[in-house]
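The lines below spell out each chain.
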Amino acid sequence: MKPILSILIATRNRIPYCINLIDSILSFDYQNFELVIQDNSDSLELSDFAKTKINDKRLIYNYTPPPFSSIDNFNAVLDLANGEYLCMIGDDDGVIFEIFELVEWAKQNNIEALFPKFTAMYRWPDACALLPQYSMFNGNLEIFNFEGEIEYCDVKKNYNTLLDYAGLNLLNLKIPKLYHGIIKQSCMESYKKKLGFYVGGLSPDIYFAVALSQVINSFVYIDYPIFISGICKAPILERMNVKIDLPEQSPHYRNRNNYKWSDEIPYFYCPENMWAESLFAA
């Protein structure tokens, strides 16, 4: 039977976080979903762990050895998905059990896309390893105010706002997103038929938002903490230890030597440029 939901994780070299996430999600009693892990790590440590879960048919695990770009990793995890609805989270994130009730409600009401408000954040015990002045926040789960309200949104209007801001402020825009969002798989397939792939560009978040806005009509914004955003040491270390001047020096370009930067965007590295470039690419 086709599962109603695929929870997707594309991961690389973040073994402890991903192991914790797999244990957490597979502890749910709910059966009508699959957890899809696409691993591109330098070691087989996560693969060895996945073998211990072989009896749980909800887990789908695939390993692709390096070299393999991050965008290839995202496309690969989507190719493995079988669910009627898809959501993508980071390997240091989490979900709550009500996600399954939400997806069942979406199916009953013919909703193509849902995006919950950013209302929960977990700082891993190692999150502030290089910033000891903030270490008192380590290991804390912070939940912001929420009302539980549901809002039907105008996709085209909010998409135009995304264009006006050149990809900035994506998290605060009520626009379809696969990362920390829920999307009907048929919508993903409809634009893949035109492009030949699910995601390109340099920033998957921006690319998904632009592409999905072209094919989705029924979109709901929910003021409820379905996803838990994780903050851990790994990305902080990467940002603090590496000085980047040109885009090709960034991790986004890893194993993507033929990527062509958009002529419309000034050719230097900063997050705002990477987001704008991905918007143009999409």
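Only a predicted model underlies this, so the values are computations on that prediction, with no experimental measurement involved. (Residues numbered from 1 in each chain as written. Predicted model: local features only at pLDDT ≥ 70, side-chain atom pairs only at ≥ 80, totals over all residues. Heavy atoms only, no water.)

Q: I'm lost on the sheet that holds strand β2 (residues 33–39) in this one. Help?
A: The strands that make up a sheet pair up through hydrogen bonds in the backbone, lying either parallel or antiparallel. Taking strand neighbours across the sheet as the criterion, the eight strands line up as β3-β2-β1-β4-β10-β6-β11-β9 in an open arrangement whose pairing is mixed. Single-partner strands in this sheet number two, and they are β3 (59–63) and β9 (150–152). Between one strand axis and the next, the sheet turns through 20° on average, direction left out of account. With two bridges joining them, strand β6 (residues 113–116) and strand β10 (residues 182–184) adopt antiparallel strand pairing. Bridging across to β10, A113 finds its partner in I183. Helix-sheet contacts for helix α1 (residues 15–26) involve β1 (5–11), β2 and β3, and the interaxial angle to β2 is about 170°. (Pairing = 2+ DSSP bridges. Helix = DSSP H or I, 4+ residues; strand = E, 2+ residues; numbered from the N terminus. Axes fitted to C-alpha atoms, helices over the stretch in contact; angles between N-to-C directions. Contact = heavy atoms within 4.5 Å.)

Q: Looking at this structure, I do not really get the packing of helix α5 (residues 155–164) against helix α7 (residues 204–213). What am I missing?
A: In helix packing, the relevant descriptors are the interaxial angle and the interaxial distance, both defined with respect to the helix axes. Here α5 crosses α7 at 140°, and the two axes come no closer than 10 Å. Judged on the interaxial angle alone, α7 and α5 are oblique. Judged by the twist between their axes, the crossing of α5 over α7 is left-handed. Taking contact as the criterion, the partners of V155, K156, Y159 and L162 in α5 are, on α7, A209, V210 and S213. Its residues placed into classes, the contact of α5 with α7 shows five nonpolar, one polar and one charged. (Parallel < 35°, antiparallel > 145°, perpendicular 65-115°, else oblique. Left-handed = near helix turned anticlockwise from the far one by under 90°. Nonpolar A, V, L, I, M, F, W, Y, C, P; charged D, E, K, R; others polar.)

Q: Honestly, the sheet that holds strand β5 (residues 94–95) in this entry has me stumped. Any pointers?
A: With respect to topology, four strands assemble into an open sheet ordered β5-β12-β7-β8, the strand pairing being mixed. Two strands lie at the open edges of the sheet, namely β5 and β8 (141–143), each paired on one side alone. As paired strands, β5 and strand β12 (residues 227–231) are joined by two bridges and run antiparallel to one another. In the sheet register, G94 faces β12, and the bridge partner there is I228.

Q: Would you mind going over the environment of L170 with me for this structure?
A: Relative to the assigned elements, L170 resides in the loop between α5 and β10. Residue classification places L170 among the buried residues on the basis of a relative accessible area of 11%. Through-space distance from the C-alpha of L170 to that of G201 is 16 Å; in sequence the pair is 31 residues apart. Excluding residues that lie within four positions of it along the chain, L170 makes contacts with L162, I175, K177, D205, I206 and A209. (Buried < 20%, exposed > 50% of the residue type's maximum accessible area, 1.4 Å probe, protein only.)

Q: Help me understand unusual backbone geometry, please; the structure alone is not making it clear to me.
A: In most cases, non-glycine residues show a negative phi, while peptide bonds are predominantly trans. The omega angle of the peptide bond from P66 to P67 is 0°, so this bond is cis rather than trans. Residue N13 is not a glycine yet carries a positive backbone phi of 60°. In this structure, N13 sits in the loop between β1 and α1. The exposure class assigned to N13 is partly exposed, which follows from its relative accessible area of 37%. Of note in the backbone geometry, A166 takes a positive phi value of approximately 55° without being a glycine. You can see A166 is positioned in the loop between α5 and β10.

Q: Quick question: what am I supposed to make of the packing of aromatic side chains here?
A: What describes a pair of aromatic rings is the distance from one ring centre to the other and the angle between the planes of the rings. If you walk through the whole model with that rule in mind, you get 14 aromatic pairs. Plain terms: the ring middles of Y253 and Y259 are 5.6 Å apart, the flat faces sit at 85° to each other, and that makes the pair edge-to-face. Here Y253 matches Y259 in class, with each residue buried. Linked through ring pairs, F28, Y30, F33, F97 and F100 together constitute an aromatic cluster. A cation over an aromatic ring shows up here: R123 above the ring of F137, its NZ or CZ 5.3 Å from the ring centre. (Phe/Tyr/Trp six-rings, centres within 6.5 Å; stacked < 30°, edge-to-face > 60°. Lys NZ or Arg CZ within 6 Å of the ring centre and 35° of its normal.)

Read these as geometric descriptors, not functional statements.
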